[in-house]
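Report on the structure
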Number of protein chains: 2
Amino acid sequence: MEDNTNGKKINMKALAKVLNLSTATISKALRDSYDISEQTKARVKEAADRLNYVANPHASSLRKHLSNTIAIVIPEIADSFFSQVINGIESIAGKEKYHFLIYLTHDSYEREVSILNEFTSGRVDGVLISVASNTSDTAHISKLQQAGIPIVFFDRDCAQLPAASVTTDDFNSAYLATNHLVEQGCKKISLITVQGYVSIFSSREEGYRKALMEHAIVSGSSDIVYCANKYTDGNITLISEHMASARPDGLLLTVEHLATSAYLACHQMKLRIPQDIKIVCFTNQITAPVLDPPLTTILQPAFEMGQKAVGLLFEYLSHNYIKLEEEHFVLPSRLVTRESTGN
Amino acid sequence: MEDNTNGKKINMKALAKVLNLSTATISKALRDSYDISEQTKARVKEAADRLNYVANPHASSLRKHLSNTIAIVIPEIADSFFSQVINGIESIAGKEKYHFLIYLTHDSYEREVSILNEFTSGRVDGVLISVASNTSDTAHISKLQQAGIPIVFFDRDCAQLPAASVTTDDFNSAYLATNHLVEQGCKKISLITVQGYVSIFSSREEGYRKALMEHAIVSGSSDIVYCANKYTDGNITLISEHMASARPDGLLLTVEHLATSAYLACHQMKLRIPQDIKIVCFTNQITAPVLDPPLTTILQPAFEMGQKAVGLLFEYLSHNYIKLEEEHFVLPSRLVTRESTGN
DNA sequence: GTTATTTACTTAAACGTTTAAGTAAATAAA
DNA sequence: TTTATTTACTTAAACGTTTAAGTAAATAAC
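Bear in mind the structure is a predicted one, so any value in this text is a computation, not a measurement. (Residues numbered from 1 in each chain as written. Chains lettered and ligands numbered in written order. Predicted model: local features only at pLDDT ≥ 70, side-chain atom pairs only at ≥ 80, totals over all residues. Heavy atoms only, no water.)

To continue, consider the pairing of strand S2 (residues 99-104) of chain B. Residue and element names in this part refer to chain B. Burial analysis of S2 places six of its six residues in the buried class, the great majority of the element. On S2, burial covers both faces: His99, Leu101 and Tyr103 on one face and Phe100, Ile102 and Leu104 on the other are all buried. Relative to S2, strand S1 (residues 69-74) runs parallel, the two sharing six bridges. Each bridged residue has a counterpart across the sheet, and for threonine 69 the counterpart in S2 is histidine 99. Assessed by its sense of winding, the connection that carries the chain from S1 through helix H5 (residues 80-93) to S2 is right-handed. (Buried < 20%, exposed > 50% of the residue type's maximum accessible area, 1.4 Å probe, protein only. Helix = DSSP H or I, 4+ residues; strand = E, 2+ residues; numbered from the N terminus. Pairing = 2+ DSSP bridges. Right-handed = clockwise from strand over helix to strand, strands pointing away.)

Structure follows, in structure tokens:
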């Protein structure tokens with residue numbers, strides 16, 4: 001191979017020297033500038049290919065004030081919903097040659113703040129975020145917006161903020177799911193959820209309440225159990241104790257990992273699903289149909305939400321001049337009934 | 001607020017002007033250089049904090065030839081194993097103030113090649129990769145190594161390459177799992193797996209074969225089913241057809257998503273697990289204990305593998321001068337027996 | 001009291017791109 | 001034939017850091 005590079009990493013200057021051209025010409029040729037002859041473009045591209053030239057993204061980002069990178073900020077990654085969202089984002093961002101950095105808040109407001117604060121540095125061109133469940137003060141988000149970094153919320157938004165959002169119809173889904181439990185004969189339905197300020201949890205709670213109200217089922221705060229928002233034995237205990245004391249005949253679970261906990265609790269207490277207790281859960285786990293018994297789920301359009309969120313961001317970034325703060329999309333979730341609510 | 005910045009993004013030059021210092025002093029003060037007085041350091045840090053100064057990472061990376069970013073290249077993300085690995089990586093990388101870019105190959109060799117080729121640009125300081133199952137030509141990986149980018153393989157390595165690896169004992173796990181099936185009374189055990197060049201699949205296949213051999217169970221190629229490496233209805237059909245024709249009484253499944261497919265196939269065919277057929281699967285799904293019936297699994301130390309892999313990379317990057325190509329770690333997986341192999 | 005060393009800074013170049021502005025040669029317009 | 005325009009480049013500055021090298025003032029050594 002006569003490539004004159006001795007295995008050293010090649011940069012634009014070296015490439016220019018090889019071709020007897022200026023770096024400006026190389027740069028423009030590679031970006032297909034009208035300013036460069038077709039012949040030269042071909043020569044440059046051939047040489048770049050042959051010598052494995054790849055432009056240094058830091059130099060490029062520094063000069064252009066564009067990173068071609070977006071940040072995805074989520075509470076957890078070991079969750080079917082979030083990983084499917086990432087798949088959706090990747091399906092679009094990958095094609096557009098965008099890179100994405102992932103940040104996990106572990107559902108902690110403090111981490112979220114320190115993660116977002118760093119984004120004023122120009123590291124990313126935009127942010128897709130699903131906020132921590134205990135995020136109520138949104139100053140860190142406003143600060144980012146004021147710094148000119150576009151933000152799109154998905155799933156968990158901060159309703160009080162003027163920002164783009166892609167969510168699902170949590171209120172209605174919870175309402176329909178609760179109705180379904182009532183229709184299947186439940187008289188005492190408990191909500192197993194997570195404490196948090198974000199709207200998805202309050203919406204799900206309100207949907208649940210509305211359904212109960214409409215069926216004249218009295219429910220008090222003792223029918224709601226607040227669990228930790230991660231998979232722990234503690235949650236199993238919480239649910240067991242609740243079932244022992246409140247003796248519900250229906251459960252609405254608002255997060256994925258609660259399905260396993262609730263099932264284990266039922267198995268431990270020898271409660272038969274659905275005969276003794278019926279269960280619905282918000283989850284995208286593919287194992288739902290093979291659980292014991294198959295689980296009735298509220299299936300969220302995770303992949304599509306990811307696509308839509310990143311699509312909005314790209315539309316903004318490509319200067320199609322949409323106003324992000326006016327973009328709000330609510331994609332429908334679907335109640336998939338299975339044996340866990342059958343009879 | 002008298003911050004002289006009018007809401008514009010502040011850079012080092014602006015900060016220097018505010019403090020009547022040179023940018024060199026600012027830079028050194030923020031990095032705690034011995035060259036700067038404590039008094040000045042305090043002044044600088046206070047002002048930086050107050051004005052929300054965050055250094056531009058592109059400028060910094062360009063100058064230092066360090067990105068403080070690593071790449072994680074995996075086949076899929078909607079998989080408990082990989083998402084737990086990411087959690088492990090994040091648990092270390094997050095603390096070290098490293099950022100990570102995620103790239104999905106969708107198990108395609110071509111995508112893997114084009115993703116890795118880009119890494120010679122200096123975008124990342126190192127790469128953690130689990131190769132695509134059909135990667136046999138490893139030129140793209142060697143090229144990256146020659147360019148001086150450190151690589152650590154996890155789970156799926158390229159055994160022929162001199163590179164660090166963190167794997168689990170696939171051979172032995174498959175061997176033990178198959179033995180377990182035999183001990184539980186299986187006489188005809190099928191392997192449901194995925195076609196691929198990577199060692200995990202061949203190791204699992206060999207472990208399976210060795211166990212059968214030792215028990216003098218004759219097995220032919222008709223006992224092995226090669227599925228697509230993603231969750232599809234096609235796989236369910238493949239498995240059903242195999243069970244109809246080969247009539248196995250035991251199944252060893254080598255990838256997570258096959259558990260759901262196999263269970264559905266059994267349900268459809270009215271085969272009772274474990275009475276008619278016993279099942280073991282390599283999976284980290286938390287729902288394993290609540291499946292119908294609870295699934296015997298080979299649980300991989302995903303989180304620890306992520307930690308170990310990124311730990312090796314950091315040890316190398318911090319110039320502790322370990323030789324990556326000599327680092328090979330094999331972490332043990334654990335057979336967790338449940339009803340799917342009971343009697 | 002002169003010289004050497006230390007302290008606490010500053011100056012300026014460099015990292016590898018992109019791009020506005022400039023230019024010489026070729027072509028078109030008058 | 002002269003002038004205007006177009007083509008295909010080059011020059012040089014800029015992006016925001018880091019750092020080697022330099023320096024003036026203060027302190028220490030002799």
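Next comes the rest of the description.
Core analysis: the largest hydrophobic core is formed by 94 residues, its most contacted members being A:Phe119, A:Val127, B:Phe119 and B:Val127. Setting aside residues up to four positions removed in sequence, B:Val127 forms contacts with B:Ala71, B:Val73, B:Phe119, B:Leu144, B:Ile149, B:Pro150, B:Ile151, B:Val152 and B:Leu313. A:Val85, A:Ala93, A:Phe314 and B:Tyr98 belong to the second-largest nonpolar core, a separate cluster that totals 60 residues. (Core = buried A, V, L, I, M, F, W, Y, C linked by side-chain atoms within 4.5 Å. Contact = heavy atoms within 4.5 Å.)

The subject of this paragraph is the side chain of A:Thr105. Residues and elements named next belong to chain A. Note on placement: threonine 105 falls in the loop between strand S2 (99-104) and helix H6 (109-117). For threonine 105, a relative accessible area of 0% translates into the label buried. Setting aside chain neighbours within four positions, we find threonine 105 in contact with Val73, Ile74, Pro75, Arg111, Glu112, Ile115 and Ala132.

Another aspect to go through is the sheet that holds strand S12 (residues 334-336) of chain A. Residue and element names in this part refer to chain A. What the six strands build is an open sheet, ordered S7-S6-S8-S9-S10-S12; its pairing is mixed. The open sheet terminates on both sides in strands that have one partner only, identified here as strand S7 (224-227) and S12. The average angle at which neighbouring strand axes cross in this sheet is 20°, direction not considered. Alignment of strand S8 (residues 250-253) against strand S9 (residues 278-282), held across four bridges, turns out to be parallel. (Axes fitted to C-alpha atoms, helices over the stretch in contact; angles between N-to-C directions.)

A few words on the packing of aromatic side chains. Applying the stated criterion to the full structure yields eight aromatic pairs over all chains. Aromatic side chains B:Phe82 and B:Phe154 sit 6.5 Å apart centroid to centroid with 70° between the ring planes, which places their arrangement in the edge-to-face category. Linking B:Phe82 in helix H5 with B:Phe154 in strand S4 (residues 151-154), this pair joins segments that are 72 residues apart in sequence. For the pair B:Phe82 and B:Phe154, one class covers both residues: buried. Taken together, the ring pairs in this structure connect A:Phe81, A:Phe82 and A:Phe154 into an aromatic cluster. Sitting over the face of the ring of B:Phe282, B:Arg204 holds its NZ or CZ atom 3.9 Å from the ring centroid. (Phe/Tyr/Trp six-rings, centres within 6.5 Å; stacked < 30°, edge-to-face > 60°. Lys NZ or Arg CZ within 6 Å of the ring centre and 35° of its normal.)

Before going further, it helps to examine the packing of helix H10 (residues 233-246) of chain B against helix H11 (residues 257-268) of chain B. Residue and element names in this part refer to chain B. Running from amino to carboxyl end, H10 crosses H11 at an angle of 50°, the nearest separation of the two axes being 9 Å. Taken as axis vectors, H10 and H11 run oblique relative to one another. Once H10 is placed against H11, the crossing between them reads as right-handed. Seen from H10, the contacting residues are Asn235, Ile236, Ile239, Ser240 and Met243; seen from H11, they are His257, Leu258, Ser261, Ala262, Leu264, Ala265, Cys266 and Gln268. Across the contact of H10 with H11, the residue classes break down as eight nonpolar, five polar and no charged. (Parallel < 35°, antiparallel > 145°, perpendicular 65-115°, else oblique. Left-handed = near helix turned anticlockwise from the far one by under 90°. Nonpolar A, V, L, I, M, F, W, Y, C, P; charged D, E, K, R; others polar.)

Right, let's talk about the sheet that holds strand S7 (residues 224-227) of chain B for a bit. Adjacent strands of a sheet form backbone hydrogen bonds with each other and so pair up, either parallel or antiparallel. All names here are of chain B. One open sheet holds the six strands; their spatial order is S7-S6-S8-S9-S10-S12, and the pairing between them is mixed. Sheet topology places S7 and strand S12 (334-336) at the edges, where each strand pairs with a single neighbour. Neighbour-to-neighbour, the strand axes of this sheet turn through a mean angle of 20°, independent of strand direction. Here H10 sits on the sheet and contacts strand S6 (189-194), S7 and strand S8 (250-253); the angle it forms with S7, its principal contact strand, is near 170°.

Attention now moves to the protein's contact with DNA strand C. DNA strand C sits among 26 residues. The nearest are A:Met12, A:Ser27, A:Arg63, B:Thr25 and B:Ser37. Take A:Tyr53: an N or O atom from its side chain is 3.0 Å from a phosphate oxygen of DNA strand C. The contact in question runs from a base nitrogen of DNA strand C to an N or O atom on the backbone of A:Ala59, over 3.3 Å. Every element with two or more residues in the surface near DNA strand C is listed here: helix H2 (23-30) and helix H4 (57-64) of chain A together with helix H2 (23-30) and helix H4 (57-64) of chain B. In terms of residue class, the surface near DNA strand C is built from eight nonpolar, 11 polar and seven charged. (Near = heavy atom within 4 Å. Polar contact = N/O pair within 3.5 Å; in protein donor to acceptor, adjacent residues only side chain to side chain.)

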